[in-house]
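# Coordinate analysis (summary)
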Amino acid sequence: MENKSLTAAIEVAQSPQIVFRSITNDVAKWWGGKDLTGNSTKLNDEFIINHPGAHYSKQRLVEVIPDKKLVWLVTESTLYWLQKDKHEWKNTKMIFEISTNGDKTILHFTHEGLVPEKECFAMCSQGWNTVIKDWLFYLITEDKAHFIN
């Protein structure tokens, strides 16, 4: 069966180490800003993104392979703007896979379980494309934080 989960990818001229560090240590700079609490660097770390009245999610790091792969399991979630199931993200996974192609580093992002049948798929697709392809991309390539803490 084909995996229809949401995906996004970027290619950068930075090392896998820089990409991995940006995703983990600097997550508040590209996703969450001041609305992020907790830790996001080691196995079993947990962090919360809480945009009051819009989005709440708690993630736990369930797989950490330095400079190669990171998996966040969404353990709690409320997307307040949804009509049917405000907890669609619960038990989904955000997977960051890092590889190289020559002198380039490729980051492949998958929000596993976020599929076209989900109510939030269209808006979340736009959101993740912005977060990964713009905010995270510019943090990695230009050291420009989208959010200032």
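Placed above this text is the structure.
Residues numbered from 1 in each chain as written. Predicted model: local features only at pLDDT ≥ 70, side-chain atom pairs only at ≥ 80, totals over all residues. Heavy atoms only, no water.

## Here's the deal with the sheet that holds strand β4 (residues 55–65)
The pairing of strands in a sheet happens through backbone hydrogen bonds and is either parallel or antiparallel. Keep this limit in mind: By this definition, two strands are paired if DSSP reports at least two bridges between them. Strands are runs of DSSP state E lasting at least 2 residues, helices are runs of H or I lasting at least 4, and numbering of each runs from the N terminus. Note on definitions: angles span 0 to 180 degrees between N-to-C directions of axes, and those axes are lines fitted to C-alpha atoms, for helices only across the stretch in contact.
As summarised here, the arrangement of the seven strands in space is β1-β7-β6-β5-β4-β3-β2, forming an open sheet in which the pairing is antiparallel. What marks the edges here is a single partner per strand, and that holds for β1 (6–12) and β2 (36–38). Adjacent strand axes in the sheet meet at a mean angle of 20 degrees, parallel and antiparallel pairs treated alike. One ladder, built from nine bridges, connects strand β6 (residues 93–101) with strand β7 (residues 104–112); its direction is antiparallel.

## Some details on the pattern of salt bridges
Rule in force here: For salt bridges, the criterion is a side-chain nitrogen of Lys or Arg within 4 Å of an Asp or Glu carboxyl oxygen.
For the structure shown, the criterion picks out eight salt bridges. A salt bridge links Arg60 to Glu46, with the nearest nitrogen and oxygen atoms 3.5 Å apart. A residue pair is termed long-range when its members are at least 10 positions apart, and Arg60 in strand β4 and Glu46 in strand β3 (residues 46–51) qualify at 14 residues. For Glu76, the salt bridge goes to Lys58, with nearest N and O atoms at 4.0 Å. In this pair, Glu76 sits in strand β5 (residues 69–79) while Lys58 sits in strand β4, placing the two residues 18 residues apart along the sequence. A single network of salt bridges, built from pairs that share partners, joins Glu46, Lys58, Arg60 and Glu76.

## Details of the packing of helix α1 (residues 16–24) against helix α3 (residues 121–142)
Spelled out, the test is: Roughly parallel refers to an angle under 35 degrees, roughly antiparallel to one over 145, roughly perpendicular to one between 65 and 115, and oblique to any angle outside these ranges. Note: crossing handedness is left-handed where the near helix turns anticlockwise from the far helix by less than a right angle, and right-handed where it turns clockwise. The contact definition used throughout considers only heavy atoms, calling two residues in contact when any of these lie within 4.5 Å. For this scheme, ten residues count as nonpolar: Ala, Val, Leu, Ile, Met, Phe, Trp, Tyr, Cys and Pro. Four count as charged, namely Asp, Glu, Lys and Arg, and the remainder, Gly too, count as polar.
Where α1 meets α3, the closest approach of the two axes is 10 Å, and the angle between their N-to-C directions is 130 degrees. The pairing of α1 with α3 is recorded here as oblique in orientation. The crossing of α1 and α3 is right-handed. Of the residues in α3, those touching α1 at Ile18, Val19, Ser22 and Ile23 are Leu136, Leu139 and Ile140. Of the residues contributing to the contact of α1 with α3, the split by class is six nonpolar, one polar and no charged.

## Section: the environment of Ile106
Relative to the assigned elements, Ile106 resides in strand β7. In this structure, the C-alpha to C-alpha distance between Ile106 and Ile10, residues 96 residues apart in sequence, is 5.8 Å.

## Overview of the pairing of β1
Here is the rule we go by: Burial status follows relative accessibility: with a 1.4 Å probe on protein chains alone, a residue under 20% of its type maximum counts as buried, one over 50% as exposed, and anything between as partly exposed.
The alternating pattern of β1 places Leu6, Ala8, Ile10 and Val12 on a buried face, while none of Thr7, Ala9 and Glu11, on the opposite face, is buried. Here β1 runs beside β7; their pairing, made up of seven bridges, is antiparallel. Paired with Ile10 across the strands is Leu107, a residue of β7.

## With respect to the nonpolar core
To be explicit about the condition: What is meant by a nonpolar core is a set of buried Ala, Val, Leu, Ile, Met, Phe, Trp, Tyr and Cys residues, joined one to another through side-chain atoms within 4.5 Å.
The biggest cluster of nonpolar side chains holds 36 residues, and the ones touching the most others in it are Ile23, Trp30, Trp31, Trp72, Trp89, Phe96 and Trp128. Mapped onto this core, the elements with two or more residues apiece are β1, α1, α2 (27–30), β3, β5, β6, β7 and α3. Considering each element in turn, this core owes the most residues, eight residues, to α3. The residues touching Trp72, leaving out its near neighbours within four places in the chain, are Ile23, Val27, Trp30, Trp31, Phe47, Gln59, Arg60, Leu61, Thr92, Lys93, Met94 and Phe96.

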